[in-house]
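Residue strings, one per chain:
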Amino acid sequence: MIMLEKRPQPSRGWTFATPVVAVVLTMFFGGLLFAALGQDPLVTIRTIFLDPLFSEFAWFYRPQLLIKGAPLVLIAIGLSFGFRAGIWNIGAEGQYIVGAICGAAVGLAFYPMESFIIFPLMVIAGASGGLLWAMIPGLLRVRFGTNEILVSLMLVYVAEQLLASMALGALRNPDGMGFPGSRNLSQYESAANLEIIAGSGMHWGVLTAFLAVIVAYVALSRHIFGFNVRLSGQSPRAARFAGVNPGLLVLICMAISGALAGLAGLFEVAGPAGQISIDFNVGYGFTAIIVAFLGRLHPVGILLAGGLMALTYIGGEIAQSNLGLPIAAIQILQGMLLFFLLAVDVLTNYRITWARKIA
Amino acid sequence: MDLSSINPVLLLASLMVAATPILLAAIGELVVERAGVLNLGVEGMMITGAVCGFVVAVATTSPWLGFLGAAIGGALLSLIFGFLTQFLLSNQVATGLALTLFGLGLSALMGQGYIGIKAPEFPDWYIPLLGDIPVIGPVIFQHDPMVYVGLAIVGGVWAFLKYSRAGLILRAVGENHEAAHALGYHVVRVRMLAIMFGGACAGLGGAYLSLVRVPQWTEGMTAGAGWIALAIVVFASWRPGRLLLGAYLFGGVTVLQLNLQAAGAAIGVEYLSMAPYLATIAVLVIMRAGRAPGSLGQSFHASR
């Protein structure tokens, strides 16, 4: 009979191997799914995972990898602090939206003035917007013991309604002939999140994402704060004896994830998306949860996982236009990836043994 | 704004209908959590139930078979969660989230050819005598059968947990799985059954949206109803009686908000649409939750 035996220490080898195994399993079962949808599985898998990088049009898709990956990495880095400490902010989508609204509002307030100070102000507004939105579940948990999972998630739906109201009302383009949606920020030079190197996809958000990876790495592995975060996740009681203030830790983790999600929203609205519109958010806040887990809550891992997720987004779009694959199939693929990761993870903490049944 | 256009009798009558999907999903999750498992995938199971129910009902033109299909669909999806958390001991919070993301994708794929189709008619029950009572009749006794099925499930769960031996075992497993295991109960088996019951109920709740309340299939139509159901379980302190109160309170806010929209309130439609979510947060803050089941959210691994 197959039995699981708890390892005294999580296996280091499997910690690194599980994401790879999960990806391979996802490709296999994804192939079965595509075959069931009447597609050639090998062609579809190649289209999704390889064509964005190596096809003849790859010059067009490679910059997209940075553009789609940056918000995912930025949000996932923020989430990883909280997830390590057992603080579940799953409303990053809402913080992303509010960050974008606040940042865009500041930019639009200055229109049509041109000044170098506008974009930095927008960045600050975006980060603060996301931070404050994340403070709601944070403060409610610390003050009233309210479940932060549910509150942060409820606030996603509130933020979506707020976004609709802004796109139709306060932030609507006065020259837009009544159509919903704000002025295009990417065409307003002082507020635009421009590419640092033209044609590379490398905009300020991408740079910030790379910076966030480095800072998070240092903070988690070299700083007392990272130690406290990890300690609180593994043993809350020990953390209290070590002098960690649990309430403060909740607030700091929520603040980090909220601010980074807000930044991601701001860079998106001022760059690739260009404007506040009703369908501005595309679920980066939720996909980032998968990215955070797939990257093992480790900054470098998150960077790689963010790249892979961005790949599935771009590959999914190619497969949709070239093969007619429904975009929902990609969503299933992403969900499957998280399932397989969680399933294979058992090998990190447990050893499979063959045991004879004891009387 | 024309407040007189809001008919209080109709408002109260539609309250029960608005509360039913949440009530169904929440009573399932209540059983799951009483068994010590936190399944955050309610939203995913609900939307899968919504699409399964709709597809079956359209194919067979029978809403009843639709509801059956929805329950089976929800239960099958919940098996993934059960297998991962009970046998592979994965983190329940993360697995529940994965179930929701997966369910949203799966339902979108399954429902592709069904957008814009109308669901088969599901007529209200006309209960003679009781339905004729003024005010109370239309409010309580003139609904479709699923409203009463939902109430019956809540009553059944209450009696099951309070009076039956199996209910006692389920509670024991949820309070202290080590002790229940030591007494010789099959912790994993009990939990798997509870998880499947939760999945079936969530499926029914979802199908109620797509077959009765809307009645159409649109992508992402549950719009957070599964999460609100989770919140109501906390609000109810894991007790079926208070669950009923919570679901009707929520139904009331939803209906009032819709009525205010229709009456042309001075507040924007978007802000009124926020009301159910804000009300849920307010309720979570104001109500001190009772004590959660002792083993809630913990993995069980029987060491030799």
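One structure accompanies this document, and this report is about it. (Residues numbered from 1 in each chain as written. Chains lettered and ligands numbered in written order. Predicted model: local features only at pLDDT ≥ 70, side-chain atom pairs only at ≥ 80, totals over all residues. Heavy atoms only, no water.)

What about the interface of chain A and chain B?
The interface is formed by 43 residues belonging to chain A together with 43 residues belonging to chain B. Across the interface of chain A and chain B, roughly 3,800 Å² is buried in total on both sides, 81% from carbon and sulfur atoms. Considering only the side of chain A, the residues that lose the most area to chain B are Leu150, Met154 and Phe339 of chain A, jointly responsible for 18% of the buried surface there. Taken together, the links from chain A to chain B amount to 2 residue pairs in polar contact (both at pLDDT 80 or more). Every element with two or more residues in the side of chain A that touches chain B is listed here: strand 1 (2-6), helix 6 (118-144), helix 7 (148-168), helix 12 (284-294) and helix 14 (327-344) of chain A. Of the residues forming the side of chain A that touches chain B, the biggest block, 14 residues, is contributed by helix 7 of chain A. (Contact = heavy atoms within 4.5 Å. Buried area = accessible area lost by both parts, 1.4 Å probe. Polar contact = N/O pair within 3.5 Å; in protein donor to acceptor, adjacent residues only side chain to side chain. Helix = DSSP H or I, 4+ residues; strand = E, 2+ residues; numbered from the N terminus.)

So, the packing of aromatic side chains
Given two aromatic rings, one states the distance between the centres and the angle between the planes to describe the pair. Residue and element names in this part refer to chain A. Inspection of every chain in the model, using the stated rule, returns 17 aromatic pairs over all chains. Both rings, one in Phe83 and one in Phe293, keep their centres 5.3 Å apart while their planes meet at 20 degrees; by these two values the pair is stacked. Of the two residues, Phe83 is situated in helix 4 (residues 58-84) and Phe293 in helix 12; the sequence distance between them amounts to 210 residues. Phe83 sits in the buried class, given a relative accessible area of 6%. A network of ring pairs unites the aromatic residues Tyr96, Phe280, Tyr284 and Tyr313 as a single cluster. For Arg143, the ring lying beneath its charged end belongs to Phe144, and the centroid distance is 5.1 Å. (Phe/Tyr/Trp six-rings, centres within 6.5 Å; stacked < 30°, edge-to-face > 60°. Buried < 20%, exposed > 50% of the residue type's maximum accessible area, 1.4 Å probe, protein only. Lys NZ or Arg CZ within 6 Å of the ring centre and 35° of its normal.)

Observations regarding unusual backbone geometry
Despite not being glycine, Leu297 of chain A shows a phi value in the positive range, around 60 degrees. One can find Leu297 of chain A in the loop between helix 12 and helix 13 (299-323). Note on Leu297 of chain A: relative accessible area 13%, which makes it buried. With a phi angle near 55 degrees, Leu89 of chain B is a residue other than glycine that sits in the positive phi range.

Treat this as a map of the structure, not an account of what it does.
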